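Coordinate analysis (summary)
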Amino acid sequence: MHVVCPHCDTVNRIPDNKPVGRGKCGQCHHALFDGHPVALTAERFRAHAEKGDLPLLIDFWAPWCGPCRAMAPAFEQAAQALEPRVRLVKVNTDEEQQLAAMFGVQSIPTLALVHKGREIARTAGAMPAAALVQWVQGRLA
C-alpha cells in the first residue's frame, strides 16, 4: 500500500504484513497517521489523490462559514475514527478556488469522498462525527 506522508508528502510503501496505522515516513520520520485532518493545497492534493492508495475524505470549507466552523470538531473526531482506512483532508475554498471549481463545489461545507483521484460520493452540509463516520463507511463497504 502506498501512503503519502501528511507532513512532507513523500510516498511511502507499507508492506502487507505491517500494520498501516503504525507506519512512519521514510523521509521525515513522522507518523503517517496522527488522527488529525490534513490541510491541503491544490499541489499537495494532487500528491495525495494521485499517488496514495487511501481514499480521501475532503472537507471543502472556508473560515467565514459558520457551519464549517461548527463541523470542524466533528471532522477532527471522524479522523480519529476513520484513520488509517481513510485520510481526512481539509481544503480552504477561499485559498484553493481552482480545486473547489474542479470539484464543482457550490456550497460549503461540502464533503467529497475520493479514491485514486476519482470522486465516489459527495454530501453537503454539516453533520456530527458519528453520522460522518457512518456515511463514509457506507460508501466504502
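Read on for a plain summary of the structure.

So, how was this worked out
- Residues numbered from 1 in each chain as written.
- Predicted model: local features only at pLDDT ≥ 70, side-chain atom pairs only at ≥ 80, totals over all residues.
- Heavy atoms only, no water.
- Core = buried A, V, L, I, M, F, W, Y, C linked by side-chain atoms within 4.5 Å.
- Buried < 20%, exposed > 50% of the residue type's maximum accessible area, 1.4 Å probe, protein only.
- Helix = DSSP H or I, 4+ residues; strand = E, 2+ residues; numbered from the N terminus.
- Contact = heavy atoms within 4.5 Å.
- Salt bridge = Lys/Arg side-chain N within 4 Å of Asp/Glu carboxyl O.
- Expected span 1.5 Å × (residues − 1).
- Arc of directions from axis to C-beta.
- Phe/Tyr/Trp six-rings, centres within 6.5 Å; stacked < 30°, edge-to-face > 60°.
- Polar contact = N/O pair within 3.5 Å; in protein donor to acceptor, adjacent residues only side chain to side chain.
- Pairing = 2+ DSSP bridges.
- Right-handed = clockwise from strand over helix to strand, strands pointing away.

1. Focus on the nonpolar core
Soluble, globular proteins show a tendency: their nonpolar side chains are buried together. Membership of the largest hydrophobic core comes to 19 residues, with the highest contact counts inside it found for Leu57, Val86, Leu88, Leu113 and Val136. When residues of this core are traced back to their parent elements, those giving at least two are helix 2 (66-82), strand 6 (110-115) and helix 4 (129-140). Setting aside residues no more than four positions away along its own chain, Leu57 makes contact with Phe75, Val86, Arg87, Leu88, Val89, Leu111, Ala112, Leu113, Leu132, Trp135 and Val136. Judged by nonpolar contacts, the second largest core, of 16 residues, contains Ile58, Leu99, Phe103 and Ala112.

2. Overview of the pattern of salt bridges
A full pass over the atoms with the stated rule returns five salt bridges. Residue Lys90 pairs with Asp59 through a salt bridge whose shortest N-O separation is 2.6 Å. Remark: Asp59 occurs in strand 4 (residues 56-61) and Lys90 occurs in strand 5 (residues 87-92); sequence separation between them is 31 residues. Pair check on accessibility: Lys90 and Asp59 agree, each one buried.

3. Points about helix 4
In this model helix 4 runs 17 Å from its N-terminal to its C-terminal C-alpha over twelve residues, within 8% of the 16 Å that 1.5 Å per residue would give. Along helix 4, the residues classified as buried are Ala129, Leu132, Val133, Trp135, Val136 and Leu140. The arc that holds the buried residues of helix 4, viewed along the axis, is 160°, so those residues lie on one side. The exposed set on the far side of helix 4, more than 90 degrees from its buried face, consists of Ala130 and Gln134.

4. A few points about the packing of aromatic side chains
Under the defined criterion, the tally for this structure stands at two aromatic pairs. With centroids separated by 5.6 Å and ring planes inclined at 85°, the aromatic side chains of Phe45 and Phe103 adopt a geometry described as edge-to-face. Taken as a pair, Phe45 in helix 1 (residues 42-51) and Phe103 in the loop between helix 3 (97-102) and strand 6 lie far apart in primary sequence, 58 residues in all. Each member of the pair, Phe45 together with Phe103, is buried. Ring centres 5.3 Å apart and planes at 50° place the aromatic pair Phe60 and Phe103 in the tilted group. With Phe60 in strand 4 and Phe103 in the loop between helix 3 and strand 6, the pair connects residues that are 43 residues apart, well separated along the chain. For the pair formed by Phe60 and Phe103, the shared burial category is buried. Grouped by ring-pair contacts, the aromatic residues Phe45, Phe60 and Phe103 constitute a single cluster.

5. A short note on the side chain of His48
In this structure, His48 sits in helix 1. A distance of 2.9 Å separates a polar atom in the side chain of His48 from a polar atom in the side chain of Asp9. Beyond its immediate chain neighbours, meaning those up to four positions away, His48 contacts Val4, Cys5, Pro6, Asp9, Leu40, Leu56 and Arg87.

6. What about the pairing of strand 5?
Each regular strand carries side chains that alternate between the two faces of the sheet. Strand 5 sits mainly inside the fold: six of its six residues count as buried. Neither face of strand 5 is open: one carries Arg87, Val89 and Val91, the other Leu88, Lys90 and Asn92, and all of them are buried. As defined by bridge partners, strand 3 (residues 38-39) adjoins strand 5 across two bridges and the pair is classed as parallel. Across the sheet, the residue bridging to Val38 is Val89, located in strand 5. Here six bridges tie strand 4 to strand 5, and the two strands are oriented parallel to one another. Bridge pairing links Leu56 to Arg87 in strand 5. You can see the chain leave strand 4, run along helix 2 and come back into strand 5, and the turn it takes is right-handed.

In short, geometric facts, not functional conclusions.
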